[in-house]
Amino acid sequence: MAETLLFNALRQAIDEEMGRDDTVFVLGEDVGHYGGSYKVTKDLCKKYGDLRVLDTPIAENSFTGMAVGAAMTGLRPIIEGMNMGFLLLAFNQIANNAGMLRYTSGGNFKIPMVIRGPGGVGKQLGAEHSQRLEAYFHAVPGLKIVACSTPYNAKGLLKAAIRDDNPVLFFEHVLLYNLKENLPDTEYIVPLDKAEMVRPGKDVTILTYSRMRHHCMQTIKQLEKEGYDPEIIDLISLKPFDLQTIGDSIRKTHRVIIVEECMRTGGIAAELVAIINEHFFDELDAPVIRLSSQDIPTPYNGNLERLTIVQPPTIIEAVQKLMTGRI
């Protein structure tokens, strides 16, 4: 076991897969000689050369379209969005091309590509650099969507995503890159479609993902002190949802709180509420509570920024209200 930062765990995954499979390559802005905006591709250019770690112009629509073409011809591109918000410029290539071509070609083409990069609310990065795009892409057919939250699952998920024959959107949170964890020395893979049971409990199911996993864990000491026993599940797979794990938990606790950094309107939690009510309504003893970010562009001011997203005290208050029937 070796202690590893999350950004280095991602780098290890890319390095190992590029060494294992010479069809894997990386492209994006500043991924080569600079090593990536958060150093996920540091020194890979020296090891694999300029054609496998390809610096691109500032033209997301162009290099994403090129990556789709490369995937169609048998390569396995990894696109780094310097910031995931910039990939809105490539929405057409991701949605109309990457997501659809395997279907519209009658299965003649596979699209084995990964689109990864930093997103989420950082520390005073401003509205355009604080976006959470998971909900933007959630309705697009043909895409798989995952969100890593620890160095361990970041490495295992990225390796699985690179090997998958479908386009995978791989969301990383800008404030988790320096998270540390001991990783196995041997190779491992984390399934793309499975949630993780972070903390078993019996009173209430808390569904969350990405940075909010850690916000939820910060509440445990206080909730235990008050006599509550929450079950925390990291969704990891945002498309498709792991309904088996979610359902098993709801049948045990009969109460659900969803904690996300995504916006409230049309967010991941909104879809989850619909699915839970559709599949597990008879198991619920209370309405599902969803805690989401406010529907406004993220302010630059630090105090206002904190007020727009869910904080641990809000989660504690939601558990108290749900368990005492005050909702």
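Computed from a prediction, not measured in an experiment: that's the story for all the values here.

## Points about the sheet that holds strand S13 (residues 256-263)
Reading across from one edge, S9-S11-S10-S13-S14 is the order of the five strands in this open sheet, with mixed pairing throughout. The outermost strands of the open sheet, each flanked by one partner alone, are strand S9 (196-199) and strand S14 (289-293). Averaged over all pairs of adjacent strands, the angle between strand axes in this sheet comes to 25 degrees, irrespective of strand direction. In this structure, S13 lies alongside S14, joined through four bridges in parallel fashion.

## Side note on the domain arrangement of the chain
Bring the parts together and some accessible area is lost; that lost area is often taken as the interface size. Its domain assignment divides the chain into domain 1 (4-181) and domain 2 (196-324). Computed over C-alpha atoms, the centres of domain 1 and domain 2 are 27 Å apart. Listed per partner, the contact involves 31 residues of domain 1 and 27 residues of domain 2. A combined buried area of about 2300 Å² lies between domain 1 and domain 2, and 58% of that area is made up of carbon and sulfur atoms. Considering only the side of domain 1, the residues that lose the most area to domain 2 are Gln-124, Arg-132 and His-138, jointly responsible for 30% of the buried surface there. Counting the contacts that link domain 1 with domain 2 gives zero salt bridges. Linking domain 1 with domain 2 are 18 residue pairs in polar contact (both at pLDDT 80 or more). Counting residues per element, the ones that place at least two in the side of domain 1 that touches domain 2 are helix H6 (134-138), strand S6 (144-147) and helix H7 (151-163). Looking at the side of domain 1 that touches domain 2 residue by residue, the classes come out as 17 nonpolar, 10 polar and four charged.

Procedures and definitions
Residues numbered from 1 in each chain as written. Predicted model: local features only at pLDDT ≥ 70, side-chain atom pairs only at ≥ 80, totals over all residues. Heavy atoms only, no water. Pairing = 2+ DSSP bridges. Helix = DSSP H or I, 4+ residues; strand = E, 2+ residues; numbered from the N terminus. Axes fitted to C-alpha atoms, helices over the stretch in contact; angles between N-to-C directions. Domains from an automatic or database assignment. Contact = heavy atoms within 4.5 Å. Buried area = accessible area lost by both parts, 1.4 Å probe. Salt bridge = Lys/Arg side-chain N within 4 Å of Asp/Glu carboxyl O. Polar contact = N/O pair within 3.5 Å; in protein donor to acceptor, adjacent residues only side chain to side chain. Nonpolar A, V, L, I, M, F, W, Y, C, P; charged D, E, K, R; others polar.

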